[in-house]
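# Tertiary structure, described
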Amino acid sequence: MVVTPDAATVDLVAPQSADAMRRVTILGSTGSVGTQTIDIVARNPDRYAVEALTANRNVALLAEQARQLKPRLAVVANPSKYADLKDALAGTGVEAAAGPEAVAAAAALPSDWVMAAIVGAAGLEPTLAAVRRGACVAFANKEVLVCAGALMMEEVGRHGATLLPVDSEHSAIYQVFDFDRVDSVQRLILTASGGPFRTKDRAFMATATREQAVAHPTWDMGAKISVDSATMMNKGLEIIEAHFLFGIPESKIDVLVHPQSVVHSLVEYVDGSVLAQLGTPDMRTPIAYALGWPARIPTPAERLDLVKAGTLTFEAPDPERFPALRLSRAALQSGGGAPTILSAANEVAVQAFLDRRIGFLDIERVVEGTMEALPHRPIRDLGEVRDADAEARRVAADRVAAVSR
């Protein structure tokens, strides 16, 4: 059963000033970014009122969040969990709903600011729903721009929405990027921690376990993103994201490994100036930047002490040990549905690795094999995005099955 909120409640609201009470919707509230967003919202009850919360299947935590923040609506994406959510919210005054359509409907409800933190391609339609009503959308789901970057940016422009990146790297660039003089930008430099296998050879990675891959040295993230960091696919997807978000060609987007995760990214200008944003590795900082924008709000994040940090080091990524960077650049260069295929195949392969059905190095093999097997057709609408995504998942699943036999 799919239960959605009353369509009559969906309307548009005028944007409010930065100092006014903001109504916020958090898509993916039980994940890593979602829970950290709630931490900041809960610390600022005079600034924020919650309109809606959504989760994939974690009813217990979603209900706990709803009881704490008293949103108008709570949605669980898994329809089979509807009864559990309704029972958990009985007597709270919070409306319960379930199903993917209900998640998109929650994004379309009147709120001033939306956190789009649903992992993977599942976040595309809810994010578009928020964009199409001209909302201020903070997105922590890079797959949205990877799968449908050109379409998404067209919709942002058409509906007057504001798109604020929450990835620490893109938030860093956003804070020092001269949008009025884009032609003065020489290149973007995305920093990468290098993940847990930065110094490991291919022989080690061939036998790497799930536990080793998700043990990120500096960031506290969800399992999927942690594995993407270990393969450096995360950085490859960020190259694609940066291209669409800032309008900079792939040839002018570089990656620099920075294990301390203090310099979050840099922008080099034509006069040789390089501007960077620095901070401790705490996702609450870029979340707070997006939540408070255009103002800034306090966070509980530890303050950066450069004396304590000591030496900051940088190195070039190794394309032989981490071919995901090459695959991502190739997808962006090919255009059309290639980035969609890349992202979908990677989701399938990473989940198979997390389920212990394939090895760590099989992730890149599944992704590359899927990209080679499918044509990179033009993407002209959301239906074609869905088709490319579905076809890639089918081919990737077949390759996973072949590897795991």
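What this report covers is the structure whose coordinates are included nearby. (Residues numbered from 1 in each chain as written. Predicted model: local features only at pLDDT ≥ 70, side-chain atom pairs only at ≥ 80, totals over all residues. Heavy atoms only, no water.)

## A few points about the overall build of the protein
Across its full length, the protein carries 17 helices and 11 strands. What you see for the protein is a C-alpha radius of gyration of 21 Å, in line with the 22 Å of a compact globule of 405 residues. Dimensions along the principal axes, computed over C-alpha positions, put the protein at roughly 55 × 55 × 40 Å. Buried positions account for 56% of the 405 residues belonging to the protein. (Helix = DSSP H or I, 4+ residues; strand = E, 2+ residues; numbered from the N terminus. Rg over C-alpha atoms; globule rule 2.2 N^0.38 Å. Buried < 20%, exposed > 50% of the residue type's maximum accessible area, 1.4 Å probe, protein only.)

## As for helix α4 (residues 100–108)
Each α-helix winds once per 3.6 residues, and so residues spaced three or four apart point in a common direction. All of the buried residues along α4 are Ala 102, Val 103, Ala 105, Ala 106, Ala 107 and Ala 108. Residues of α4 that are buried in the fold lie against β1 (22–27), β2 (48–55), β3 (73–76), β4 (95–98), β5 (113–116) and α5 (124–131). (Contact = heavy atoms within 4.5 Å.)

## Remarks on the side chain of Ser 29
Within the secondary structure, Ser 29 sits in the loop between β1 and α1 (32–43). Within the structure, the side chain of Ser 29 is placed 2.7 Å from the side chain of Gln 65, a separation counted as a polar contact. Excluding residues within four positions of it along the chain, Ser 29 makes contact with Gly 34, Thr 35, Ile 38, Leu 53, Thr 54, Leu 62 and Gln 65. (Polar contact = N/O pair within 3.5 Å; in protein donor to acceptor, adjacent residues only side chain to side chain.)

## Let's talk about unusual backbone geometry
Pro 294 follows Trp 293 through a cis peptide bond whose omega is 5°. The residue Pro 294 is located in the loop between α12 (284–292) and α13 (306–309) in this model. The phi dihedral of Met 232 falls on the positive side, at around 70°, and the residue is not glycine. Residue Met 232 is classed as buried on the basis of its relative accessible area, which comes to 3%. A positive phi is found at Arg 356, a non-glycine position, where the angle reads about 65°. Within the element layout of this structure, Arg 356 appears in the loop between α15 (338–354) and α16 (362–373). The exposure class assigned to Arg 356 is exposed, which follows from its relative accessible area of 55%.

## Focus: the sheet that holds strand β8 (residues 185–192)
Taken in spatial order, the 4 strands make up an open sheet running β9-β8-β10-β11, and their pairing is mixed. Whereas interior strands pair on both sides, the edge strands pair on one side only; in this sheet they are β9 (253–257) and β11 (274–278). Pairs of neighbouring strands in the sheet enclose a mean axial angle of 20°, with direction left out of account. Summarising the sheet, strand β10 (residues 263–269) and β11 pair through 5 bridges and their orientation is antiparallel. Each residue of the ladder has a partner; that of Glu 268, found in β11, is Val 274. (Pairing = 2+ DSSP bridges. Axes fitted to C-alpha atoms, helices over the stretch in contact; angles between N-to-C directions.)

## Considerations on the pairing of β2
Among the 8 residues that make up β2, 7 are buried, leaving the element largely enclosed by the rest of the structure. Bridge count for β1 against β2 is 6 bridges, and the pairing is parallel. For Arg 22, the partnering residue across the bridge sits in β2 and is Tyr 48. Running through α1, the crossover from β1 to the neighbouring parallel element β2 is right-handed. With 4 bridges connecting them, β2 and β3 associate as parallel partners. (Right-handed = clockwise from strand over helix to strand, strands pointing away.)

## What about the sheet that holds strand β6 (residues 136–139)?
Strand order in the open sheet formed by 7 strands is β4-β3-β2-β1-β5-β6-β7, with parallel pairing between adjacent strands. Unpaired on one side and paired on the other, β4 and β7 (162–165) mark the two borders of the sheet. The sheet shows a mean angle of 20° between the axes of neighbouring strands, taken without regard to direction. Strand direction decides the pairing type here: β3 and β4, joined by 4 bridges, are parallel. Counterpart to Leu 73 in the pairing with β4 is Glu 95. The strands touched by helix α2 (residues 59–69) are β2 and β3; relative to β2, the strand with the most contacts, the crossing angle is about 170°.

## A word on the packing of helix α6 (residues 143–159) against α15
For the pair α6 and α15, the least separation of the axes is 8 Å and the interaxial angle reads 155°. It follows from the interaxial angle that α6 and α15 lie roughly antiparallel. Like other packed secondary-structure pairs, α6 and α15 cross with a definite hand, here left-handed. When α6 is examined against α15, the residues Glu 143, Val 146 and Cys 147 are found in contact with a partner set consisting of Pro 339, Thr 340, Ser 343 and Glu 347. In the contact of α6 with α15, the residues fall into 3 nonpolar, 2 polar and 2 charged. (Parallel < 35°, antiparallel > 145°, perpendicular 65-115°, else oblique. Left-handed = near helix turned anticlockwise from the far one by under 90°. Nonpolar A, V, L, I, M, F, W, Y, C, P; charged D, E, K, R; others polar.)

## What to know about α2
Considered for burial, the residues of α2 that qualify are Val 59, Leu 62, Ala 63, Gln 65, Ala 66 and Leu 69. Along the axis of α2, the buried residues cluster in a sector spanning 160°; they form a single face. In this fold, the buried residues of α2 make contact with α1, β2, β3 and α3 (82–88). Once α2 finishes, Lys 70 follows within two positions and takes phi at roughly 55°, a positive value. (Arc of directions from axis to C-beta.)

## So, the nonpolar core
It is characteristic of soluble globular proteins that their nonpolar side chains tend to be buried jointly. With 130 residues, the main nonpolar core has Trp 113, Met 115, Val 166, Leu 188, Phe 246, Leu 342 and Phe 360 as its most contacted residues. Considering every element that reaches this core, the biggest residue donor is α15, with 11 residues. The residues touching Val 166, leaving out its near neighbours within four places in the chain, are Val 33, Met 115, Ala 138, Phe 139, Ala 140, Met 283, Pro 286, Ile 287 and Ala 290. (Core = buried A, V, L, I, M, F, W, Y, C linked by side-chain atoms within 4.5 Å.)

## Here we look at a nonpolar patch on the surface
A cluster of nonpolar residues, Leu 278, Leu 304 and Leu 306, forms a patch on the protein surface that exposes about 230 Å² of accessible area. Its place among the elements puts Leu 278 in strand β11. Residue Leu 278 is classed as partly exposed on the basis of its relative accessible area, which comes to 36%. (Patch = residues over 30% accessible without salt bridge, like charges linked within 9 Å, V, L, I, M, F, W, Y side chains within 5 Å. Areas by Shrake-Rupley, 256 points an atom, 1.4 Å probe, with all protein chains shown as cover. Salt bridge = Lys/Arg side-chain N within 4 Å of Asp/Glu carboxyl O.)

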